[in-house]
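Structure assessment
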Amino acid sequence: MKNKFILVAALAIGFAGCEPEFENEVNADYTSGEADFTRYVAVGNSLTAGYMDGTVCRVGQTYSYPNLLAQQFALVGGGEFTQPSYAEDVNNLGGILGVPGFGTRLVIDAAQGRPEPIAGTSTITLTPQAKAYNNMGVPGAKSFHLGFPGYGALNPYFARHATSPTATVLGDAMTKNPTFFTNWIGSNDVLAYATAGGAQADGVTPATDHNATGNLNPATYGFNDITNSGVFNNVYTNIINTLTANGAKGVVCTIPSVTSIPYFTTVPYAPLSPTALGGAANITALNSQLYGPLDAIFTAYGEPNRINALTATAANPILINDADATDRSAQITGALTPSLGAATAAAFGAVFGKARQATADDLVVLTASSVIGTPNSAAPAGININGVTFPMANKWVLTATEKARVAAATSAYNNSIIAIAASKNLAVAEMNAVMNKLITGLQIETNSIYTANYFSGSGTEGQVLFSLDGVHPNARGYAVIANEFIKTINAKYKSNLPLHNPTYFPGISILPTN
């Protein structure tokens, strides 16, 4: 399955302006109120760093919400605001040269009608900068990483600018002696689990929810595991105590629900049209040889709707591997042995023992769009089509059960964030509420409407606030986020700071050819 784009009108949107404009009135009565923006420091993860389109790049970084905030703070006495240097990214490709998993930024190739990494080789290196910056957002960082000595050894983004091999993110941030701060950390404590479909790095083995295990030692966590909420509370308390130790005021952010970001809402659970399945005759054969027998077995053991026959009149759900489903390997093997023989029946049992069809309660991840309907080289011959005759691996779908774990952790984290902020009389930016509004539509001050209707055609391309990775905002989205901070600051600290106009910022990146 591949997303198709209606690009003629969208091209105008993509090419509209490369730099933001700011319409601040020359004689406006802007004030800092009760806040002191002299030394502003931002801590967080990729959302703070200005990550978009799958990476950090030279131009993209300039649209980070901390940088946009600093521009408005400068109107009322805010001082210099620095970000890790990306001057070596001469072609604005992003990525990190020679580091696996850190590719160039995503663009839409208009000639092909799809998103893909921009052509070219990254020029960003791991040459140490050994310098603390005002923007201490580190992509990939979880809450407990901010105080981890030597975190640069685990994270190449921090390694580029850590002041020493044993430096901590929070320690480097505090060398700037902030008078004001923003803290948006915690998303990765649950988002890594969600974007991995609840799987470990191998894509198959279930990742762990440490709210269930009660494990309080984050040093033993896998990267995709869910952080225990007690650990999060303790770590977050320490972070805030450190940031406010010298009297700094600031804003903290709640963690968005994953259900509101396009990474989980773009690919439908039932994308298999009759045409995609090869027509009525092929559907009849699939029902006779695979879906029918499996349905009969599951029904016999009390699960009548785990797999249903395919229909030739509507789109069908994909076949998935549910790590939490009852394992029916033995029953499938036993039922099919008389007709298929012991060896073949055992192979079917192994493949379909935890299989089921996806439902509307499941979330198919964005990256699955290029996998559904393709051959799986590791699957047995004859049943090797991903999502059709071979269940999609754990990593491609966040199931209803996994989604509930994510929601419970997010709620617990947000309760801690709000309570800890209240104990220090800090402002709280309710980013969870803002992102959730994108499901039905978010109207901003210019009366523009923004939605989570990701790439549904030229009619909505300009209304989407997310970049091509489906998780992080685009430049326009970061402007909207910066405005939410500004509104929160104005309300809490009696400031009078101007908002940005998001319509002046670029949306998605479209190239005629790549």
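In this report, we go over the structure that sits alongside the text. Everything numeric here is computed off the predicted structure, so don't read it as measured data.

**Some words on the overall build of the chain**
- Regarding its fold elements, the chain presents 17 helices and 14 strands.
- Among the 514 residues that make up the chain, the fraction classed as buried is 54%.
- In the chain, once contacts between residues fewer than 6 apart in sequence are set aside, the share between residues at least 24 apart is 76%.
- Counting every atom, the chain has about 19,900 Å² of accessible surface; 55% of that belongs to carbon and sulfur.

**Digging into the sheet that holds strand 5 (residues 180-184)**
- Spatially, 4-1-5-6-11 is the arrangement adopted by the 5 strands of the open sheet, whose pairing is parallel. What marks the edges here is a single partner per strand, and that holds for strand 4 (135-137) and strand 11 (427-429). Strand-to-strand twist of the sheet, defined as the mean angle between neighbouring strand axes without regard to direction, takes the value 15°.
- Strand direction decides the pairing type here: strand 1 (residues 40-44) and strand 4, joined by 3 bridges, are parallel. When the sheet's bridge partners are listed, V43 is paired in strand 4 with M136.

**A short note on the packing of helix 7 (residues 188-195) against helix 14 (residues 400-423)**
- Where helix 7 meets helix 14, the closest approach of the two axes is 10 Å, and the angle between their N-to-C directions is 170°. Here helix 7 lies roughly antiparallel to helix 14, going by the angle between them. Between helix 7, through D189, V190, Y193 and A194, and helix 14, the contact on the second element is made entirely by E402, R405, V406, A409, T410 and Y413.
- Counted by class, the contact of helix 7 with helix 14 contains 6 nonpolar, 1 polar and 3 charged residues.

**A short note on unusual backbone geometry**
- Not every positive phi belongs to a glycine, and N92 is a case in point at roughly 55°.
- Relative to the elements of secondary structure, N92 occurs in the loop between helix 4 (65-73) and strand 2 (106-109).
- Look at N425: it is not a glycine, yet its phi comes out positive at around 55°.
- Counting through the fold element by element, N425 comes out in the loop between helix 14 and strand 11.

**Brief notes about the packing of aromatic side chains**
- One pass over the full model with this rule turns up 18 aromatic pairs.
- Between Y65 and W184, the ring centres sit 5.8 Å apart and the planes meet at 55°, which makes this aromatic pair tilted. Of this pair, Y65 sits in helix 4 while W184 sits in strand 5; the two residues are 119 residues apart in sequence, bridging distant segments of the chain. W184 shares its class with Y65; the two are buried.
- On the numbers, 5.7 Å between centres and 40° between planes, the contact of F348 with F352 is tilted. Taken together, the residues F348 and F352, both in helix 13 (residues 342-352) and 4 residues apart, mark about one turn of the helix.
- Take F352: its relative accessible area is 0%, and that puts it in the buried class.
- Ring pairs connect the aromatic residues F37, Y40, F73, F81, F180 and Y493, which therefore count as one cluster.
- Above the face of the F223 ring, K142 is positioned so that its terminal group lies 4.8 Å from the ring centre.
- The ring of Y86 has R160 sitting right over it, with the charged end atom 4.4 Å from the ring centre.

**A look at the nonpolar core**
- Within the largest apolar cluster, 128 residues are counted, with the highest numbers of intra-cluster contacts made by Y40, Y65, F180, F264, I318, F352 and F485.
- Top element by residues in this core is helix 17 (residues 475-493). It accounts for 9 residues.
- When neighbours within four sequence positions are excluded, I318 is seen to be in contact with Y269, P271, L272, R356, Q357, A358, V364, I372, G387, M392 and V397.

**So, helix 17**
- For helix 17, with 19 residues, the first-to-last C-alpha span of 26 Å sits near the 27 Å given by 1.5 Å per residue.
- A large share of helix 17 lies buried, amounting to 16 of its 19 residues.
- Capping the start of helix 17, N474 holds a side-chain oxygen 3.1 Å from the backbone nitrogen of R476, two or three residues further along.
- Following helix 17 by one or two positions, K494 has its phi on the positive side, about 55°.

**Describing the pairing of strand 6 (residues 249-253)**
- Here strand 6 lies mainly inside the structure; 4 of its 5 residues are buried.
- Examined bridge by bridge, strand 6 and strand 11 share 3 bridges and lie parallel to one another. Bridge pairing in strand 11 places C253 opposite A429.

**Concerning the pattern of salt bridges**
- All chains considered together, the criterion is met by 8 salt bridges.
- Between E88 and R160 there is a salt bridge, and its shortest N-O distance comes to 2.8 Å. Pair noted here: E88 is in the loop between helix 4 and strand 2 and R160 is in helix 5 (residues 156-161), with a separation of 72 residues, a long-range link.
- Given the relative accessible area of 26%, E88 is considered partly exposed.
- D324 is paired through a salt bridge with R405; the nearest N and O atoms lie 2.9 Å apart. With D324 in the loop between strand 7 (319-321) and helix 12 (329-340) and R405 in helix 14, this pair connects stretches of sequence that are 81 residues apart.
- Accessibility expressed as a relative area gives 38% for D324, which makes it partly exposed.
- One connected set of salt bridges, linked through shared partners, spans E303, R306 and R328.

Cut-offs applied
- Residues numbered from 1 in each chain as written.
- Predicted model: local features only at pLDDT ≥ 70, side-chain atom pairs only at ≥ 80, totals over all residues.
- Heavy atoms only, no water.
- Helix = DSSP H or I, 4+ residues; strand = E, 2+ residues; numbered from the N terminus.
- Buried < 20%, exposed > 50% of the residue type's maximum accessible area, 1.4 Å probe, protein only.
- Contact = heavy atoms within 4.5 Å.
- Areas by Shrake-Rupley, 256 points an atom, 1.4 Å probe, with all protein chains shown as cover.
- Pairing = 2+ DSSP bridges.
- Axes fitted to C-alpha atoms, helices over the stretch in contact; angles between N-to-C directions.
- Parallel < 35°, antiparallel > 145°, perpendicular 65-115°, else oblique.
- Nonpolar A, V, L, I, M, F, W, Y, C, P; charged D, E, K, R; others polar.
- Phe/Tyr/Trp six-rings, centres within 6.5 Å; stacked < 30°, edge-to-face > 60°.
- Lys NZ or Arg CZ within 6 Å of the ring centre and 35° of its normal.
- Core = buried A, V, L, I, M, F, W, Y, C linked by side-chain atoms within 4.5 Å.
- Expected span 1.5 Å × (residues − 1).
- Polar contact = N/O pair within 3.5 Å; in protein donor to acceptor, adjacent residues only side chain to side chain.
- Salt bridge = Lys/Arg side-chain N within 4 Å of Asp/Glu carboxyl O.

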